[in-house]
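Breakdown of the fold
Here is how the chains run, residue by residue.
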Amino acid sequence: MDYKFKRDLKNSFMIVESGFENAGYEKNILRYNDIDVLVPFHTVEINNVTQVWYDITGLVSLKDYLMQQTITYELMRKVFLYLKIAIDETERFLIDVNHLSIDIDTIFVVKNDMEWKLMLIYCPDNNQSSLDNILEFFMDNVSKEMMDFCFKLYDSGIEGNTIEGIINL
């Protein structure tokens, strides 16, 4: 998925060219429902190309958020738990998990005094849903004491362990 950013004085957007040509029935679900865990977006048609503008104003990418934190077991568990909550919420609306961009750069954190949650990017042309990037990020950024645990997590993810299994670990 190729994307670019546009910022002005009040708003920040992540812009993806294409993305809704293959949306099918999900287009109507997104149009008529407010799914709290998806980054809000609108589409713009420019020169017969559909651009999807995701409103990321006030959000922080998961990667940027984690780079500012000391990575602990509890923080890792929190990330995977909130990711599972977000995925479960989208599945409740019959959104295919393969149409979510689950990547360390395209998952966003809402962090304020009232809540902490993850928001996902809906991208039907993406067709990949994998925890590999998140697991690799943790492997690259944990202390030496946590490295063995991260290898265990990564191996379980590669072997096809679900997010529930990773949380249980």
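Refer to the preceding data block for the structure.
1. Quick notes on the pairing of strand β2 (residues 12-17)
- For β2, the buried fraction is high: 5 of the 6 residues fall into the buried class.
- Bridge count between strand β1 (residues 3-7) and β2: 5 bridges; the pairing is antiparallel. Opposite Lys 4, over in β2, you have Ile 15 as the bridge partner.
- Joining the antiparallel neighbours β1 and β2 is a turn of 4 residues.
- Inspection of the sheet shows β2 paired to strand β4 (residues 49-55) by 5 bridges, in the antiparallel sense. Bridging across to β4, Met 14 finds its partner in Tyr 54.

2. Description of the nonpolar core
- If you look at the biggest cluster of nonpolar residues, it comprises 43 residues, and the most contacted ones within it are Leu 62, Leu 66, Met 76, Phe 80, Leu 83, Ile 134 and Phe 138.
- Ranked by the residues each element gives to this core, the list is headed by helix α3 (residues 73-92), at 7 residues.
- Aside from chain neighbours lying at most four places away, what touches Met 76 is Ile 71, Phe 138, Val 142, Met 146, Phe 149, Cys 150 and Leu 153.
- Within the second largest apolar cluster, 12 residues are counted, among which are Met 14, Val 16, Leu 59 and Val 110.

3. Describing unusual backbone geometry
- Positioned with a positive phi, Asn 47 is a non-glycine residue whose angle comes to about 50°.
- Relative to the assigned elements, Asn 47 resides in the loop between β3 (41-46) and β4.
- Relative accessible area serves as the criterion here: at 72%, Asn 47 is assigned to the exposed category.
- For Asn 48, which is not glycine, the phi dihedral falls at a positive 60°.

4. Brief notes about the side chain of Glu 26
- Among the structural elements, Glu 26 can be located in helix α1 (residues 26-32).
- Residue Glu 26 is classed as buried on the basis of its relative accessible area, which comes to 1%.
- The residues touching Glu 26, leaving out its near neighbours within four places in the chain, are Leu 94, Ile 95, Asp 96, His 99 and Tyr 122.

The rules we used
- Residues numbered from 1 in each chain as written.
- Predicted model: local features only at pLDDT ≥ 70, side-chain atom pairs only at ≥ 80, totals over all residues.
- Heavy atoms only, no water.
- Buried < 20%, exposed > 50% of the residue type's maximum accessible area, 1.4 Å probe, protein only.
- Helix = DSSP H or I, 4+ residues; strand = E, 2+ residues; numbered from the N terminus.
- Pairing = 2+ DSSP bridges.
- Core = buried A, V, L, I, M, F, W, Y, C linked by side-chain atoms within 4.5 Å.
- Contact = heavy atoms within 4.5 Å.

Bear in mind that shape data such as this cannot, by itself, settle questions of function.
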